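Topology and contacts: notes
Spelled out, the chains give:
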Amino acid sequence: MSKIVQMILSGMFFTFILDFFLFLGIKQNYIDPHNINVYYNILFADHQSLILFIIFTFFIGYVVMYLGGKIALFVVGSLFLLSASTLLPPVGSYVGEQILMQKNTSIHTDKFSYHGDLLYSGRKNIYFYDYELKKVIILNKNKIKGNNA
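Since we're looking at a predicted model, the values are computed, not measured.

1. Looking at helix α4 (residues 69-84)
Between its first and last C-alpha atoms α4 spans 22 Å; for 16 residues at 1.5 Å apiece the expected length is 22 Å, and the two agree. Burial in α4 covers these residues: Ala 72, Val 75, Val 76, Leu 79, Ser 83 and Ala 84. For α4, the arc enclosing every buried residue in end-on projection is 160°, short of the 170-degree limit, so these residues lie on one face. Within α4, the exposed residues directed more than 90 degrees away from the buried face are Lys 70, Leu 73, Phe 74, Leu 81 and Leu 82. Check the buried side of α4 and you find it contacts α1 (2-31) and α3 (50-67).

This is the structure in structure tokens:
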């Protein structure tokens with residue numbers, strides 16, 4: 001029983017490290033260049049996939065505890081390099097777009113309609129690049145009809 005608990009805790013530890021670098025790369029290379037005002041902790045917490053976290057926790061924990069040695073070093077090292085690669089601007093920007101951006105979207109408020117790319121949907125505001133205005137606008141989620149965001 002203690003080996004299973006140790007496997008889960010080891011997997012959680014390594015998965016948190018991988019997630020840290022993944023979201024750090026997204027923050028540096030997608031969020032910051034678009035001037036989106038969101039703290040790293042909120043970005044991390046709001047976009048964490050519990051299902052993927054559990055899967056990686058068990059997978060990495062199993063590899064570390066039961067495969068051991070060079071195989072564990074290779075698997076965890078490879079996953080670390082993939083996660084840390086988001087620190088490279090083109091990779092971090094691409095991953096951020098895939099996770100956070102909704103392209104070619106329409107949003108309607110009481111007074112206006114906007115058409116463009118939803119860059120980020122936060123807790124209170126959305127950051128939206130409007131094709132017609134050719135700039136990023138910040139919209140309050142409470143003012144959006146149907147709350148598309």
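Now that the structure has been shown, we can carry on.
2. Considering the sheet that holds strand β2 (residues 113-121)
The pairing of strands in a sheet happens through backbone hydrogen bonds and is either parallel or antiparallel. Strands sit in the order β1-β2-β3-β4 across an open sheet of 4 strands; the sheet is antiparallel. Each of the sheet's edge strands pairs with one partner strand only, and the pair in question is β1 (102-108) and β4 (135-140). Each adjacent strand pair in this sheet contributes to an overall mean axis angle of 45°, direction not counted. Where β2 meets strand β3 (residues 125-130), 5 bridges bridge the pair, whose relative direction is antiparallel. The partner of Gly 116 across the bridge, within β3, is Asp 130.

3. Quick notes on the layout of surface pockets
Think of a ball as big as a water molecule: rolled over the atoms, this probe shows where empty space is left. Considering only enclosed or pocket space, the largest pocket measures out at about 400 Å³ in volume. Every element with two or more residues in the lining of the largest pocket is listed here: α1, α3 and α4. Top element by residues in the lining of the largest pocket is α1. It accounts for 5 residues. Roughly 210 Å³ of internal volume is contained in the second largest pocket. Asn 37, Val 38, Tyr 39, Ile 42, Asp 46, Tyr 120, Gly 122, Arg 123, Lys 124, Asn 125 and Tyr 127 are the residues that line the second largest pocket. At the level of elements, α2 (40-46) and β3 are the ones that each hand at least two residues to the lining of the second largest pocket. Among the residues forming the lining of the second largest pocket, the class breakdown is 5 nonpolar, 3 polar and 3 charged.

4. Digging into the packing of aromatic side chains
For the structure shown, the criterion picks out 12 aromatic pairs. A centroid spacing of 5.2 Å and a plane angle of 85° characterise the contact between Phe 21 and Phe 80, whose relative ring orientation is edge-to-face. Residue Phe 21 is found in helix α1, and its partner Phe 80 is found in helix α4; the two are separated by 59 residues along the sequence. A relative accessible area of 32% places Phe 80 in the partly exposed class. Summarising the aromatic geometry, the rings of Tyr 120 and Tyr 127 are spaced 6.4 Å apart at their centres and angled 50° between planes, so their arrangement reads as tilted. The same class applies to Tyr 120 as to Tyr 127, namely buried. Of the aromatic side chains, those joined through ring pairs into one cluster are Phe 16, Phe 20, Phe 21, Phe 23, Tyr 40, Phe 44, Phe 53 and Phe 80.

Cut-offs and rules
Residues numbered from 1 in each chain as written. Predicted model: local features only at pLDDT ≥ 70, side-chain atom pairs only at ≥ 80, totals over all residues. Heavy atoms only, no water. Helix = DSSP H or I, 4+ residues; strand = E, 2+ residues; numbered from the N terminus. Expected span 1.5 Å × (residues − 1). Buried < 20%, exposed > 50% of the residue type's maximum accessible area, 1.4 Å probe, protein only. Arc of directions from axis to C-beta. Contact = heavy atoms within 4.5 Å. Pairing = 2+ DSSP bridges. Axes fitted to C-alpha atoms, helices over the stretch in contact; angles between N-to-C directions. 1 Å grid on protein atoms, 1.4 Å probe; cavity = no way out; pocket = protein on both sides within 12 Å on 5 of 7 lines; lining within 4 Å. Points joined across faces, edges and corners; volume = space filled by probe spheres on them. Nonpolar A, V, L, I, M, F, W, Y, C, P; charged D, E, K, R; others polar. Phe/Tyr/Trp six-rings, centres within 6.5 Å; stacked < 30°, edge-to-face > 60°.

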